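# Commentary on secondary and tertiary structure
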Amino acid sequence: MANAQIPGLDSAKDLPVPKHPAPAEAAEGVVSSTPKRDVIDVSGAPIEPPSDEEIERITEDVIGQLKSVYDPEIPTDIYELGLIYKVELEDDRLLKVEMTLTAPGCPVAGEMPEWVREACEVVAGVRRVEVSMTFDPPWTPDRMSDEAKLELNML
């Protein structure tokens, strides 16, 4: 018995009875050990697809949020650096961001996608944010905006 090492627990009769027990058998005949759980959306975003006006507002807000994320090695935001390749808002209000880094060996490679996700998930009207990394095509300074080039004295 798995619980035999718990002090004071002598047998299965001492185990608490769950409030919502899992079904004894699943549809395929497999015994389930975990109950089904409800998924609660706390984003506050509506369920229906966004209107054109809302898409425009969300776009402006997402760009503003992306401009708040900076590459720690280059004093310019990731949007102006051209690290954002694609942003797509789906009808279910899932925001998909495809991005890259200035180099695959970037020291914040594991952290920057999380920074982007956290920045974008606060935008009103967005339910969820997924950030994916790509290195195809590789980033080059040609992707930088004129504003970023001016900031870095490259113009």
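This text goes with the structure placed above it.
Summary of the structure given here. Owing to the predicted nature of the structure, the values given are computational and were not obtained by experimental measurement.

## As for helix H1 (residues 52–66)
- Here H1 is 15 residues long and its end C-alpha atoms lie 21 Å apart, about the 21 Å a rise of 1.5 Å per residue gives.
- Looking at the buried side of H1, the elements it contacts are helix H2 (78–81), strand E1 (84–89), strand E2 (94–99) and helix H3 (112–120).

## Some remarks on the environment of methionine 154
- Structurally, the position occupied by methionine 154 is in the segment after helix H4 (146–151).
- Remark: the alpha-carbon pair of methionine 154 and proline 141, spanning 13 residues in sequence, is separated by 9.6 Å.
- The residues touching methionine 154, leaving out its near neighbours within four places in the chain, are Pro141, Met144 and Lys149.

## Section: the pairing of E1
- By the bridge criterion, five bridges tie E1 to E2 in an arrangement that is antiparallel. In the sheet register, isoleucine 84 faces E2, and the bridge partner there is methionine 99.
- Counted along the chain from E1 to the antiparallel partner E2, the turn is four residues long, and its residue arginine 93 has a positive phi close to 70 degrees.

## Description of the pairing of E2
- By the bridge criterion, six bridges tie E2 to strand E3 (residues 128–133) in an arrangement that is parallel. In the strand pairing of E3, glutamate 98 is matched with serine 132.
- One crossover worth recording links E2 to the parallel E3 by way of H3, and it is right-handed.

What counts and how
Residues numbered from 1 in each chain as written. Predicted model: local features only at pLDDT ≥ 70, side-chain atom pairs only at ≥ 80, totals over all residues. Heavy atoms only, no water. Helix = DSSP H or I, 4+ residues; strand = E, 2+ residues; numbered from the N terminus. Expected span 1.5 Å × (residues − 1). Contact = heavy atoms within 4.5 Å. Pairing = 2+ DSSP bridges. Right-handed = clockwise from strand over helix to strand, strands pointing away.

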